[in-house]
Amino acid sequence: MENGNLTKSFFHGGDYFPEQWLNYPDILKKDFELISKAKMNTVTVGMFAWGCLEPEEGNYSFDWLDDIFERVESINGNIILATPSAARPAWMAQKYPEVLRVNENRQKCLFGGRHNHCFTSSVYREKVQKINRRLAQRYGNRKSLLMWHVSNEYGGECHCELCQNAFRHWLQKKYKTLKDLNNAWWGNFWSHQYSDWSQIESPSSIGESMNHGLNLDWKRFVTEQTIDFYRCEIEPLREITPNIPITTNFMAREEDMLPYEGLDYQKFAKYVDVVSWDCYPTWHCKNETTAELASKVGFMDDLFRSMKQKPFFIMESTPSLVNWRSVNKAKRPGMHVLTSLQHIAHGSNSNMYFQIRQSRGGAEKFHGSVLRNDNRTDTRVFKDVQQVGHIQEVMRSLTTTFRKSEIAIIYDFENNWAINDAQAFSKNRKEYAATVQEHYRVFWNRDLPVDVISVEADLREYRLVIVPMLYMMSATTLQRFIEYVNAGGVIVSTYLSGLVDKNDLTHMGIWPEDMKRLFGVELLENDTYYPGESNEILYDNRIFKTKDYQSVIDLITAKSLGTYGKDFYAKSTAVSGNRLGKGRAYFIGARTDGDFLDAFYGNLCVDLNLNQAFIIEGDNEVSVQSRNTKSDTYYFVMNFSESEKTIYTKYPSRDIVNNENCGVKIVLKPYEVKVLHVESIDINK
Ligand code: GAL
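In this text, all values refer to a predicted model and were calculated from it rather than measured experimentally.

Asker: Help me understand the layout of surface pockets in this model?
Answerer: With a probe scaled to a water molecule rolled over the atoms, the places where space remains empty come into view. Estimates place the volume of the largest pocket at around 970 Å³. Lining of the largest pocket is provided by 43 residues; of these, I453, S454, V455, E456 and A457 occupy positions nearest its centre. Of all the elements in the fold, those that place two or more residues in the lining of the largest pocket are α9 (265-268), α10 (290-308), β12 (450-453) and α15 (475-486). In terms of residue count, the dominant contributor to the lining of the largest pocket is α10 (five residues). Class assignment for the residues of the lining of the largest pocket results in 13 nonpolar, ten polar and 20 charged.

Asker: Mind showing me how you'd approach the pattern of salt bridges here?
Answerer: All chains considered together, the criterion is met by 48 salt bridges. The salt bridge involving R253 is made with E261; its shortest N-O contact spans 3.3 Å. With a relative accessible area of 28%, E261 lands in the partly exposed category. Of the charged contacts in the structure, one is a salt bridge between R460 and D458, with a shortest N-O distance of 2.8 Å. Since its relative accessible area comes to 69%, R460 is described here as exposed.

Asker: Even after reading the chapter, I still don't get the site of the ligand, so can you show me in this structure?
Answerer: The environment of the ligand is made up of F48, R114, N152, E153, D278, Y280, E316, W324, F354, E364 and H367. Within the contact set of the ligand, an oxygen atom lies 2.9 Å away from a side-chain nitrogen or oxygen of N152. The contact in question runs from an oxygen atom of the ligand to an N or O atom on the side chain of E364, over 2.3 Å. Look at the ligand: alone it shows 310 Å² of surface, and the protein chains cover 93% of it. Per-class residue counts for the shell around the ligand are four nonpolar, two polar and five charged.

Asker: Looking at this model, I keep getting lost on the sheet that holds strand β1 (residues 11-16). Mind explaining?
Answerer: Strand pairing within a sheet occurs via backbone hydrogen bonds; the two strands may be parallel or antiparallel. Strand order in this open sheet of six strands is β5-β4-β3-β2-β1-β10, and the pairing throughout is parallel. On the outer flanks of this sheet lie β5 (246-247) and β10 (350-353), each paired with one strand and no other. Alignment of strand β3 (residues 78-82) against strand β4 (residues 145-149), held across four bridges, turns out to be parallel. Residue pairing across strands places I79 opposite L145, the latter belonging to β4.

Asker: Before we go on, may I ask you to explain empty space enclosed by the protein in this structure?
Answerer: For the structure on display, the rule yields four cavities of 30 Å³ or more. Counted as a void, the largest cavity has a volume near 80 Å³. Those elements that place two or more of their residues in the lining of the largest cavity are α14 (432-445) and β21 (590-592). A per-class count over the lining of the largest cavity returns four nonpolar, four polar and three charged.

Asker: What should I look at first to understand the pairing of strand β25 (residues 645-649) in this one?
Answerer: A one-sided burial pattern is seen for β25, the buried positions being K645, I647 and T649 and the unburied ones T646 and Y648. Here two bridges tie strand β22 (residues 615-617) to β25, and the two strands are oriented antiparallel to one another. Across the sheet, residue I615 finds its bridge partner in β25, namely T649.

Asker: What should I look at first to understand a positive patch on the surface in this one?
Answerer: The grouping of K286, K329, R332 and R380 at the surface amounts to a positive patch. Relative to the helices and strands, K329 resides in the loop between β9 (313-316) and α11 (335-345). A relative accessible area of 41% means that K329 is categorised as partly exposed.

Asker: Help me out: how do you make sense of the side chain of D527 in this one?
Answerer: Structurally, D527 can be placed in strand β15 (residues 521-528). Salt bridges are absent for the buried D527, whose nearest opposite-charge side chain, K566, sits at 12 Å. In terms of polar contacts, D527 uses its side chain to reach the side chain of Y569, at 2.6 Å. With sequence-adjacent residues up to four places away left out, D527 is seen in contact with D548, Y549, Q550, D567, F568 and Y569.

Cut-off values and rules
- Residues numbered from 1 in each chain as written.
- Predicted model: local features only at pLDDT ≥ 70, side-chain atom pairs only at ≥ 80, totals over all residues.
- Heavy atoms only, no water.
- 1 Å grid on protein atoms, 1.4 Å probe; cavity = no way out; pocket = protein on both sides within 12 Å on 5 of 7 lines; lining within 4 Å.
- Points joined across faces, edges and corners; volume = space filled by probe spheres on them.
- Helix = DSSP H or I, 4+ residues; strand = E, 2+ residues; numbered from the N terminus.
- Nonpolar A, V, L, I, M, F, W, Y, C, P; charged D, E, K, R; others polar.
- Salt bridge = Lys/Arg side-chain N within 4 Å of Asp/Glu carboxyl O.
- Buried < 20%, exposed > 50% of the residue type's maximum accessible area, 1.4 Å probe, protein only.
- Near = heavy atom within 4 Å.
- Polar contact = N/O pair within 3.5 Å; in protein donor to acceptor, adjacent residues only side chain to side chain.
- Areas by Shrake-Rupley, 256 points an atom, 1.4 Å probe, with all protein chains shown as cover.
- Pairing = 2+ DSSP bridges.
- Patch = residues over 30% accessible without salt bridge, like charges linked within 9 Å, V, L, I, M, F, W, Y side chains within 5 Å.
- Lys, Arg positive; Asp, Glu negative; His and termini not counted.
- Charge placed at Lys NZ, Arg CZ, Asp CG, Glu CD.
- Contact = heavy atoms within 4.5 Å.

Spelled out as structure tokens, the structure:
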């Protein structure tokens, strides 16, 4: 569903927990004065408030929330109303224990924490629908209601009997017969064939944990059951408020800024109106440079944006620090504005925070917040937030802009599960997601926009499609790649690709015939090195180091573009290029460092004429990303380094944030960001 409201402004605000302050009327009053002062226009309420909304079964209490709607409307603000299913009251857990989860060791969880609910329980589903219906009936017509925020960060699994039965039904629907299931799961191995559906149990470390087919199907089921629960949650919302868009907040693996692994978000995204995600990078940590981390954040933004090819929301970020890491360092001056604008540059229409007001108690009382409980507004954090609000207001006209990419990189959630489960290769150095991010980094360095897409996405719009380490490649996916290349597309794949089918079964040869046809090579062996060992690739008159993986290949129709320098496959092909139909398919046989990727893709960019139209001399630590209208481009120029940087543009421009003219030489202070617009020349012509 489309909702024009979502482009009426950029949204700025965050999670707000008035239920923690019901005994402090002065605080509630002050909140809205300060929310306006901080230039925030949106609050997300209700996500963990079930205990205050329904203190006793069937006994609802909405007065406090009515009051919040009044207050938000008095400042012309927006409400993103959360459904409360992510945390439930104790009375419910006590009376209906089935709502609580059972862990993989088959232990029943006690009441406590949050996100601790069974997705299958019909009691829980009924309770959730009841309260959601009440919320929709009561607030559905409020002018401030911008969007539904369903639950919070869905994730985790439940292994109770209800879930086991649901899993068995799901399998029955998928395979129809046990014979087909046993074949797909290679059941005769270790006598793991099933003779009755009831014998099947979810994976567990005290039972079956090494049947790849079972593991993969369980993960698929967990995603589908979570979506099923979500769809049950939203039924009353769709019925009563058909025009209010719906989202649920997705996550990243916050410790290393890789995609979250618990759910297949590309599948889930089909069922939300707006993709939103929670972003907490570990800035200012010596493990990686600021630019390295910024490139990963850019990747995650592009992954989430590409799920619907529409503006997304940053639903949570911290205005300063978090409290749940082993070391909780605050953002240094400049970083908050920089990272907030980075999200907008990659297509976000919001910057929302966890949290607006700091809690006094509970696990998150030391988490960063916009408002401190002494209500001071002369703090560094408050001023940073104000500045983001100000810039978002200035850039208001950009909310309907979009991003255009001619380059796509495929990231596949199922592939990540499958390759991580494989008992092979270098067990702790598979690094699928990190590898996809490394390929992305080459284009980030070159300031070329990239879409991060699923295996199902339409490839026709792209000039270049990159498919690193797609270990699990279904026959359909392979067919789609062949069609794309035949029609003129250019594809690049790498080592450890095409080794298993959609059931995680190997092929009757190392590669299926279509893989050989596409790349014009035959894969003879996958060689794995110990950490520290390396080979060489001779490519383009240079020598590049390889590590971890080398594919030993034979040419069929492809040409050799690079050869190995050492080992028993010295002089054989390490990098190949194949013409197929009107297009080309390249295969990079070994894992390398960024220098090879840069040289390889650099040549391809020249070949395909993929250029940055605005920057003539950039810098690997300055990221330039753009948002477009049909006729105009806005360039976000962001210095992700601790030193001053100079870049050169083709044309003079205007910095729309600071309202000043810029020449072709742009000097950026550490962490500085400018949003540039070329006013007199249409460079797209
Ligand atoms: C998120 C969560 C929020 C809050 C935040 C703290 O993962 O959705 O409710 O706990 O982390 O950083």
